[in-house]
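Understanding the architecture of this molecule
Read off the chains here:
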Amino acid sequence: MRLEWRDDILAVADAGSLARAAVLRHVSQSALTRRLRAIEAALGQPLFERRRKPLTLLPEVAQHLPAMRSLAGHGAGW
């Protein structure tokens, strides 16, 4: 997994919304949405529950958050 992919996923998980995650990642919301869809396409599976607001990670992805945070070198928040 590319490092920026991990950071995009963590930003959404930690920010609780695409808008706030985009601010954290210094991109527009539409750019972040495109990046997240590209990540899902590259991995061949969805990462997020999109039927409800706010956007949330699917449980099978959320279980990897501690490892992703550890690799990123930060705790539960930004």
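A quick note: this is a predicted structure, and the numbers were derived from the prediction, not measured.

Quick notes on the rules
All residue numbers refer to positions counted from 1 along the written sequence of the respective chain. Owing to the predicted nature of the model, reporting of local features is limited to residues with pLDDT of at least 70; listing and counting of side-chain atom pairs is limited to 80 or more, with chain, interface and lining totals taken over all residues. Side-chain descriptors were evaluated using all non-hydrogen atoms of the structure, hydrogens and water having been removed beforehand. Salt bridges are defined by distance alone: a side-chain nitrogen of Lys or Arg within 4 Å of a carboxyl oxygen of Asp or Glu. Helical segments are the DSSP runs of H or I of at least four residues, strand segments are the runs of E of at least two, and each set is numbered from the N terminus. Partly exposed describes any residue whose relative accessible area lies between the buried limit of under 20% and the exposed limit of over 50%, with all areas from a 1.4 Å probe on protein chains only and scaled to the type maximum. Whenever a nitrogen or oxygen atom comes within 3.5 Å of another N or O atom, the pair is scored as a polar contact, on the condition that within protein one atom can donate a hydrogen and the other can accept it, and that pairs from neighbouring residues in sequence are kept only if both atoms are in side chains.

1. Focus on the pattern of salt bridges
- Taken as a whole and judged by the stated rule, the model has 7 salt bridges.
- For the salt bridge of arginine 35 with aspartate 8, the shortest nitrogen-to-oxygen distance reads 2.8 Å. One end of the pair, arginine 35, is in helix α3 (residues 29-43); the other, aspartate 8, is in helix α1 (residues 3-15), and 27 residues separate them in sequence.
- For arginine 35, a relative accessible area of 28% puts it in the partly exposed group.
- Taken together, the salt bridges that share partners define one network made up of Asp8, Arg25 and Arg35.

2. Re the environment of aspartate 7
- Position of aspartate 7 among the secondary structure elements: in helix α1.
- For aspartate 7, a relative accessible area of 17% puts it in the buried group.
- Considering only alpha carbons, one finds aspartate 7 and leucine 57, 50 residues apart in sequence, at a separation of 14 Å.
- Side chain to side chain, aspartate 7 and arginine 6 meet in a polar contact 3.1 Å long.

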